[in-house]
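# What the coordinates show
What follows is the residue order along each chain.
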Amino acid sequence: MVRKMSKRSRDPAINKLREVKAEAESLGIPETIINGLQAVDDLATAREDYCDSKTSTASEPMAALIKDTLEHPWQNVYEEGKTAWNITPRMMSGNLEGYVLKFLVSASKSKNVLEVGMLTGCAALGMAEVMPDDGKVVTCEIDPYLVDLARKLMDRSPHGKKVEILTGPAIESLNGLAKKNQKFDFIFIDADKPGYCDYFNICFSELLAPGGTIAMDNALFGGKPYMEDSPPNEGVTKFNNMIVTRKDIYYVLMPIRDGIMLIRRKEDMNGTV
Ligand SMILES: C[S@@+](CC[C@H](N)C(=O)[O-])C[C@H]1O[C@@H](n2cnc3c(N)ncnc32)[C@H](O)[C@@H]1O
């Protein structure tokens, strides 16, 4: 299958390859080389498509939520002043990452889940789908327009009732949860990247239940953290650099989509033998 890809990839290596191919074309480089570069692009794209095709399909309400998020007139609602910024549906976790979260939540038998950064509710509803009737997902979202939209999209599913939305800046919502001494078995952090260190610190020290797991999305952040000119003290790079200095946790960066970092307390993972 040969597809001419033009849209930007999450993988900076593929984007670089496309730049090189365009340059090669403009220089009149022999067609065999151009075709070779295209074949590499096709292989990388086919790999992503293959992973999607070998992942369970979404439930009907979830498929509808994903479709409606992709087709929403984001540009118009932004120009009408309804959203604080021009939202791109690329921010949505989607079906494959949604299933990764479902596996983590169901394998850990989590009954209390926290999400930081909801968008239209793709991950929140996905996790709710695999939780028992008395399970609960608390999710934080700053944008009131998204809160209303997500509520509508999630409530088309019987699992939507398990999702509680806290509207406002996530740090305030997290402080409020800590004050009420709430604990969560699984925490998915996926909001603004400059806030990652603060979100992690309060989640880890105040909100994570014994035996719990934290997942941080976008740990690869389009390649920025491993590019040579990346400022070490910004956003995701700063967060990743902070994590590796800690002695009290185990962590793993999984190269799924834009990277998911899993973090657990060492005491919850060390064997006793
Ligand atoms: C990458 S999207 C979340 C995607 C979502 N988890 C999903 O499964 O599709 C990030 C979200 O965080 C929200 N956000 C950004 N800054 C925030 C803040 N300070 N407090 C709460 N939410 C915030 C944005 O409005 C956006 O909806």
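- Under the heading Sequence similarities (unreviewed entry), UniProt records this for the chain: "Belongs to the class I-like SAM-binding methyltransferase superfamily. Cation-dependent O-methyltransferase family."

### A word on the overall build of the chain
- When helices and strands are tallied, the chain shows ten helices and seven strands.
- Reported as C-alpha extents along the three principal axes, the dimensions of the chain are approximately 65 × 50 × 35 Å.
- Put simply, the chain has 273 residues, and 45% of those count as buried.
- Look at the contacts in the chain between residues 6 or more apart in sequence, and 68% of them connect residues 24 or more apart.
- A total accessible area of about 14600 Å² is found for the chain, and carbon and sulfur atoms account for 56% of it.
- Side-chain charges of the chain comprise 34 positive and 39 negative groups, with the mean position of each set lying 4 Å from the other.

### What about the packing of helix α9 (residues 196-207) against helix α10 (residues 235-243)?
- For the pair α9 and α10, the least separation of the axes is 8 Å and the interaxial angle reads 40°. One finds that α9 runs oblique with respect to α10. Residues Y196, C197, F200 and N201 of α9 lie in contact with α10, whose contacting residues are V236, K238, F239, M242 and I243.

### Things to note about helix α1 (residues 12-26)
- For α1, built from 15 residues, the straight-helix expectation of 21 Å at 1.5 Å per residue is met to within 8% by its first-to-last C-alpha distance of 21 Å.
- Listed as buried for α1 are P12, I14, N15, L17, R18, K21 and A24.
- Of the surrounding secondary structure, the elements contacted by the buried residues of α1 are α2 (31-53).
- Measuring from the side-chain oxygen of the N-cap residue of α1 to the backbone nitrogen of A13 gives 2.8 Å; that N-cap residue is D11.

### Considering the packing of aromatic side chains
- All told, the structure shown has three aromatic pairs when counted by the stated rule.
- Summarising the aromatic geometry, the rings of Y196 and F239 are spaced 5.7 Å apart at their centres and angled 85° between planes, so their arrangement reads as edge-to-face. Of this pair, Y196 sits in helix α9 while F239 sits in helix α10, and the two are 43 residues apart along the sequence.
- Summarising the aromatic geometry, the rings of F200 and F204 are spaced 5.3 Å apart at their centres and angled 20° between planes, so their arrangement reads as stacked. Linking F200 with F204, this pair stays in helix α9, spanning four residues, or about one helical turn. With respect to burial, F200 and F204 carry one shared label: buried.
- The rings of Y196, F200, F204 and F239 are connected pair by pair, giving a single aromatic cluster.
- A cation sits over an aromatic face here: K102 above Y99, 4.4 Å from the ring centre.

### Describing the site of the ligand
- Neighbouring the ligand are 21 residues; S93, G117, E141, A170 and D190 lie closest to it.
- Contact between the ligand and E115: a nitrogen atom at 2.9 Å from a side-chain N or O atom of the residue.
- Backbone polar atom of I142 to a nitrogen atom of the ligand: 3.3 Å apart, as the coordinates give it.
- Among the residues forming the shell around the ligand, the class breakdown is 14 nonpolar, three polar and four charged.

### A look at empty space enclosed by the protein
- Across all of its chains, the model carries one cavity of 30 Å³ or more by this definition.
- The volume enclosed by the largest cavity comes to roughly 40 Å³.
- In terms of lining, the largest cavity is formed by M62, G94, N95, G98, Y99, K102, C122 and G126.
- With five residues, the top contributor of residues to the lining of the largest cavity is helix α5 (residues 94-107).
- Residue composition of the lining of the largest cavity, by class: three nonpolar, four polar and one charged.

Here is what the cut-offs are and how they apply
Residues numbered from 1 in each chain as written. Predicted model: local features only at pLDDT ≥ 70, side-chain atom pairs only at ≥ 80, totals over all residues. Heavy atoms only, no water. UniProt positions renumbered as here; feature names shortened; annotations may be inferred. Helix = DSSP H or I, 4+ residues; strand = E, 2+ residues; numbered from the N terminus. Buried < 20%, exposed > 50% of the residue type's maximum accessible area, 1.4 Å probe, protein only. Contact = heavy atoms within 4.5 Å. Areas by Shrake-Rupley, 256 points an atom, 1.4 Å probe, with all protein chains shown as cover. Lys, Arg positive; Asp, Glu negative; His and termini not counted. Charge placed at Lys NZ, Arg CZ, Asp CG, Glu CD. Axes fitted to C-alpha atoms, helices over the stretch in contact; angles between N-to-C directions. Parallel < 35°, antiparallel > 145°, perpendicular 65-115°, else oblique. Expected span 1.5 Å × (residues − 1). Polar contact = N/O pair within 3.5 Å; in protein donor to acceptor, adjacent residues only side chain to side chain. Phe/Tyr/Trp six-rings, centres within 6.5 Å; stacked < 30°, edge-to-face > 60°. Lys NZ or Arg CZ within 6 Å of the ring centre and 35° of its normal. Near = heavy atom within 4 Å. Nonpolar A, V, L, I, M, F, W, Y, C, P; charged D, E, K, R; others polar. 1 Å grid on protein atoms, 1.4 Å probe; cavity = no way out; pocket = protein on both sides within 12 Å on 5 of 7 lines; lining within 4 Å. Points joined across faces, edges and corners; volume = space filled by probe spheres on them.

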